[in-house]
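# Per-entry structural report
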Amino acid sequence: MGKREEIEVHLSINGEEHIVKKEDLDRSLTAFIREVALLTGTKVVCDEGGCGACTVTVKTAPDAAPIAVNSCLVPIYSCHGWQVTTIEGLGSTSEGLNKVQAAIAAGNATQCGFCTPGFIMSAASLFEGSEREVSMSEVETALAGNLCRCTGYRPILEAFKPFCADASEECKARVSDIEDLCPRKKFCGKRPEKCEEIKVPLTYNVALEESGGFFAKVQTCKEVTEMLKKNPDCSLVAGSTAHGIFHELLGKAKKFIDIRDLPELRSTLFNGKKVVLGAALTITETQNFIRSLSDKPGFKYLKFIDTHINWIANLQTRNVGTIGGNIALKYLIDSSFASDLFVIFAGANAQMEIINKDGKTVNLQMTDESVQRNFQKIALIKSFSLPSLPDKDIIYQTFRVSNRTLNASAYVAAAFLLELKGDVIVRLESVQDGACFKSNPDLQNSLTVALLNIQGKKLAEVLANIDSLIGTDCSQLPLNLIKKFLLSFTDKAPLNVQYELSRGVQEFETDASVWPLNQPVIKIEALQQCAGESMFVNDMPAMTGELHAAPILISGKPGSRFDLDALVTDVEKEFKSSGVVAVITYKNVPGINSFIPLDYHSSMVEEEEIFFSGETKVDGQMMGLVVAKTRAKALAAAAKVHSRLTYWMYRCEVRKPTLTIDEAMKKGGRNVIVGPAKGRAENDKLLQGIHKSISGKMEIGNQFHFSLEQQSCVCVPEEGGMKVYSATQWPDMVQCSVSRALKVPANTVQVKVKRIGGGFGGKITRATHVAVACAVAANALKRPVRLVLDLKDNMRLLGGRAALKTEFKVDVDKEGKILNLDSAIYQNCGHSVNDSPLLYKTVKFYFDVGYDSSRFRVSPFECLTDTPSTTWCRAPGSTEGVVFIEEVFEHVAAELGLDPWQVRMANLSENDRKDSPLPQMVLDLKEKSNFEQRKKEIEEFNNQNKYMKKGIALFPLKYPFLLWGNYHATVSVYHVDGSVSITHGGVEMGQGINTKVAQACASALGISLDKIKVEAVSTLTAPNDSVTAASIGSDTCSLAVTRACAEINKRLEPARKALSADATWLQVIQKAYETNVNLCYNYMFSPTDETIAYDIYLAAVAEVHLDVLTGQKKVARVDVLEDVGRSLSPLVDVGQIEGAFVMGLGYWLCEGYVFDKENYGRLISVGTGDYKIPGTKDIPEDFRVYFRKNAPNHQGVLQTKASGEPAVTVSVVVLYALRNAIAAVWKDHGITNKHVKIDLPATPQNIINAISGRGQDQN
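Residues numbered from 1 in each chain as written. Predicted model: local features only at pLDDT ≥ 70, side-chain atom pairs only at ≥ 80, totals over all residues. Heavy atoms only, no water.

### Things to note about the overall build of the protein
Along the protein, the regular secondary structure elements total 44 helices and 43 strands. For 1259 residues, the compact-globule formula gives about 33 Å, and the C-alpha radius of gyration of the protein, at 31 Å, lands near that figure. With the C-alpha coordinates aligned to their principal axes, the bounding extent of the protein is approximately 95 × 80 × 70 Å. Taken across its 1259 residues, the protein has 63% of its residues classed as buried. If you take every contact in the protein between residues at least 6 apart in sequence, the share linking residues at least 24 apart comes to 77%. Carbon and sulfur atoms provide 49% of the accessible area of the protein, an area that totals close to 46,100 Å². Of note, the protein has its 140 positive side-chain charges centred 3 Å away from the centre of its 146 negative side-chain charges. (Helix = DSSP H or I, 4+ residues; strand = E, 2+ residues; numbered from the N terminus. Rg over C-alpha atoms; globule rule 2.2 N^0.38 Å. Buried < 20%, exposed > 50% of the residue type's maximum accessible area, 1.4 Å probe, protein only. Contact = heavy atoms within 4.5 Å. Areas by Shrake-Rupley, 256 points an atom, 1.4 Å probe, with all protein chains shown as cover. Lys, Arg positive; Asp, Glu negative; His and termini not counted. Charge placed at Lys NZ, Arg CZ, Asp CG, Glu CD.)

As structure tokens, this is what we get:
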């Protein structure tokens, strides 16, 4: 072959051609779109293809179909000739929105808006790129690659249904409502103008000068083998998706051979005897091809492969990831990658055609042993052959168990192949892989023995004796799957959880006489969010001289010490040519090296270092910052420094990390702080009337906030001061901490927050750490500095929700009335008690809310561990406190064989017995949810089905609420056109505070919403304001705005009197202006002036379906009835309830921390690969939200009640329903009146353990 042409990379973005400069070749497509093309609607979150926020539409060639792609996984040097469309290319608020964009806005399907562009691009790509009409189910599956923490997904999925082929006519009619959304704007399906076609040579070379490598496009397999002989360190790439998951691959590789378009690897063949699939086919192309063949004789088994492929990664990854690459990864990464494709191909007795390094073509049978033995000889995987399997005599099926329904790696993936001769099983094979085999290597042997034990027996005999042949210990999922496969030949259905289309009901009243209060309006930012125009911190335009920072996080056991001077000198010298400008450490801090200001707030009791200065407290502590010319260069340098930290580590005494509550309690001493007990005296116990004494315990793990926008800050030194643009919920704390760290007056530090991409408590005190670190760097270098944490760094550095544990002993009478209760509550604070004192006080407070607590005694213990300091997380303390007392009632009810509702009623306080609306709300909800009838039907179902169970539960909640803190609001009216600007002290983070404030203002002034604009929060206009948290911001700021408007109305009275009664708003304002009336007023809400407190009431019913053999479950239906008073903004409140409930659902069912005890105590459940929040198929399938009717809150602001947090707490009803399903399994084994304990989160393995344990040794 001749020499390949050296080219520059050209691509078009929204119709505009871009030429990639040499210095930009180390960027991802995401980084290029944002930092070079300056299109910030495409977001940065995970950089590993797991969240979908960076989704764009791509055409890899002029005649290619448009596909959705995770742009963070795509190196820009691989994009030559691509046509890329971003959210900005679909439509804009000025030129008109695309119908998909408008649908999201009209459907109330945005909250913080950070994930919105990604969802829109995924859906738009699907609708445009599909060769056929798309079904509603396909949309839900396709969107599994996009994550959202705010909305709970239901409105997003609902918004796209009108465009689906199988939507009802009523649903499709909503399209006209969508078009009405922008009556004064052109409604269009904007697509970018086609730019001049980019010439793409068949072969070419892109020089990667900074790394000394290259990216080579080739056309033949012979070229590949020849290049590998000359450059054995070359990495073969096609979709490049592996580099997102396994960053170490990208870090080592500098030379790349692109095999994506090799004709020899792109071919397909079907000849009636086999299916041949080229190894460079994408997974999506493979799925489409085999789907077209799945009704052919001998190939009907392909239907199982087609279905299974939906469970692999996500659509964006499948669109570019290749089948050869997926299978190669299994052997490239020390066998840690479990390839589903290998499992399902090998399970069908597939063959793999390879080209060895000597150029010879060889066929391998796809067995693990064969591929493992030959892998080091392989130069290239060429194709895969799937054989014909007789439809009658050979049965093939696949299964998968994972912690999330879609977009999650397999805990176990399995393929089975069974051959019958007559009724005798002559062959039974299974290929299985997954995380369970990595943690328990003996499982493979158990699987082999079980299969051999069945082979040669009659099928009827096996089915009759299946428990004795496979065993009754159902804790081993691979063996359960054998049983599940064999039972599929019986009529004992249903055996699988059947996932159906999501749906929902939102029922509320609205009083048109008080509009715009109580009016169901879309969020005032919705259109901008759907156009990708809403600006977050990291979307701010780059400033002259701006630098980027990345944290150096410590790898080391507690007590480790490092030579920082040597590290700084070495790094600045070594990486100077790579764009590194400086390394910032504690020595660059002019003032106090702490981001926690003491004497600032009751929850802050000790200083926490900005940068490590002495000995390590916890793995993941911030040692310093690498500051470089680009974010990519800063992150790369920080990663290299991190990997070599042992080079600068002193030899010193270290200690084994303490990670858990139990370990801390065992150590005692400084690890345990005993708090004051609450309740009756320890020896004050009733001894008469005790029917039963019950002991129990419950442990709840950590939860990460997982807001899609990571901790971000831009600091700009300016005229003797510092402008700080921080993604914080507490601007005042940032101002205070920056001024202390820089040793400057507070008035020289101005903090500004336009909006943040989700908070959930994670940006209360922890955002201050990032802001202060960024400010120190900007101050030291006298240049603007941008610090945006990588998701994994974010999770390692900053703590989440605290893990808590309760141990209790309770004496009860026959009705379940508590006579004596002693409960110890333990909290894992992490390495610092900051944020903890107030948290455990909240737990204690909510422990007895609504109940007769006269016989309670609660003893709290704060446990210090060598883990990140924990912090506030949505409904902190209230959720744990409520759930801990409810755990007592659930336990008592189970042991006494009573209905939990009866036990709760027996323990209601006297006041709540008289005044609480909960009993009536429970009756109303039972009627709405058809609870009693469904309960009977579920009991009948469970009696008739052994391997599928259902559970239903009801949970009532009283949630006390108090407004506190100082909150400013400034209202300004402009005489030119009567328009109004508002700035207030509350941070918009998706909760709809700006929409509610605008509605309150419009109502108070008697004007339309479109005259109002809400501006950013600033410490200049809202000084000394409290944190936006605990659902209080919307109430307090709406009240402050209402009071400010009242003063403005008072000032307008003379102008109104001077005009006729029918004078317009503008005429009144102009008259007032002419008479020099001050049309601006600032008001501050303060609890000193007025106390506003009330109770929020909720009730919820949940139904869960459980696959007994796999532990997989679905939340089939949820009904929530919430008392929201007279909602200020019903659509906003519905969204808050749904989103909060789903976040709580994740807390109980799938989210949890995992620490590596052997590796410094490092948090290893980081990133989208190892930490799973709920996805589109994990939400309640049927989700119904009702507002309590005719219940204005006269104690609240504008008769409303808060809605943001209580639904998190009530979501525990899902756990209770799941327990009831497990109890039904136990009942089949003769176990009744026993409380079901599940280790949390309730993952499939933990559920299987609970089933197999059957109540043994639960305490």
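### What to know about the pattern of salt bridges
Taken as a whole and assessed by the stated rule, the structure comprises 76 salt bridges. The salt bridge partner of Lys926 is Glu932, with a shortest N-O separation of 3.2 Å. With relative accessibility at 17%, the residue Lys926 sits in the buried group. When salt bridges that share partners are traced, they join Lys217, Asp258, Arg260 and Asp261 into one network. (Salt bridge = Lys/Arg side-chain N within 4 Å of Asp/Glu carboxyl O.)

### Section: the packing of aromatic side chains
Tallied over the entire structure, the rule returns 33 aromatic pairs. Here Tyr331 and Phe375 contribute two aromatic rings whose centre-to-centre distance is 5.4 Å and whose plane-to-plane angle is 35°, an arrangement assigned as tilted. Of this pair, Tyr331 sits in helix 16 (residues 323-332) while Phe375 sits in the loop between helix 18 (368-374) and strand 15 (378-387), and the two are 44 residues apart along the sequence. For the pair Tyr331 and Phe375, a shared accessibility class is recorded, and that class is buried. Joined through ring pairs, the aromatic side chains of Phe704, Phe706, Tyr1153, Phe1155 and Tyr1171 make up one cluster. (Phe/Tyr/Trp six-rings, centres within 6.5 Å; stacked < 30°, edge-to-face > 60°.)

### Some details on helix 16
The element helix 16 is largely enclosed, with a buried count of 8 among its 10 residues. All of the buried residues in helix 16 are Ile323, Gly324, Asn326, Ile327, Ala328, Leu329, Lys330 and Tyr331.

### As for the confidence of the model for the protein
Averaged over every residue, the pLDDT of the protein is 93; the share at 70 or more is 97%. In this model residues 184-188 is a low-confidence stretch, pLDDT under 50, and it forms 17 contacts with partners more than four residues away in sequence or in other chains. (pLDDT = per-residue confidence, 0-100.)

### Observations regarding the environment of Ser1165
Looking at the secondary structure, you find Ser1165 in the loop between strand 42 (1162-1163) and helix 41 (1167-1170). By relative accessible area, which is 2% here, Ser1165 ends up buried. Along the sequence, Ser1165 and Ala31 sit 1134 residues apart, while their C-alpha atoms lie 26 Å from each other. Those residues within four positions of Ser1165 in sequence are excluded, and the remaining contacts are Met795, Gly1152, Tyr1153, Val1154, Asp1170 and Tyr1171.

### Brief notes about empty space enclosed by the protein
Overall, the coordinates contain 14 cavities of 30 Å³ or more when judged by the stated rule. Empty space within the largest cavity amounts to approximately 260 Å³. In terms of lining, the largest cavity is formed by 24 residues, of which the most central are Thr405, Lys1113, Lys1114, Lys1177 and Asp1178. Breaking the lining of the largest cavity down by element, the ones donating at least two residues are strand 40 (1113-1122) and helix 40 (1130-1149). When residues of the lining of the largest cavity are assigned to their parent elements, the largest contribution, 3 residues, is made by strand 40. For the lining of the largest cavity, the per-class residue count stands at 9 nonpolar, 7 polar and 8 charged. (1 Å grid on protein atoms, 1.4 Å probe; cavity = no way out; pocket = protein on both sides within 12 Å on 5 of 7 lines; lining within 4 Å. Points joined across faces, edges and corners; volume = space filled by probe spheres on them. Nonpolar A, V, L, I, M, F, W, Y, C, P; charged D, E, K, R; others polar.)

### Points about the sheet that holds strand 28 (residues 749-753)
Strand order in the open sheet formed by 8 strands is 21-22-20-29-26-27-28-37, with mixed pairing between adjacent strands. This sheet does not close on itself; its edge strands, each paired only once, are strand 21 (580-584) and strand 37 (1017-1018). With 4 bridges connecting them, strand 26 (residues 712-718) and strand 29 (residues 785-788) associate as antiparallel partners. Each bridged residue has a counterpart across the sheet, and for Cys715 the counterpart in strand 29 is Val785. (Pairing = 2+ DSSP bridges.)

### Some remarks on the sheet that holds strand 18 (residues 424-433)
Whenever strands of a sheet pair, they do so through backbone hydrogen bonds, lying parallel or antiparallel. Reading across from one edge, 16-17-18 is the order of the 3 strands in this open sheet, with antiparallel pairing throughout. Taken across any chain shown, the strands that pair with only one partner, and hence form the sheet edges, are strand 16 (394-402) and strand 18. Adjacent strand axes in the sheet meet at a mean angle of 15° when their direction is disregarded. Relative to strand 17 (residues 410-421), strand 16 runs antiparallel, the two being bridged by 9 bridges. Counterpart to Gln397 in the pairing with strand 17 is Phe416. Sitting on the sheet, helix 14 (residues 302-309) is in contact with strand 16 and strand 17, with an inclination near 10° to strand 16. Across the sheet, helix 23 (residues 477-487) lies against strand 16, strand 17 and strand 18, angled at about 40° from strand 17, the strand it touches most. (Axes fitted to C-alpha atoms, helices over the stretch in contact; angles between N-to-C directions.)

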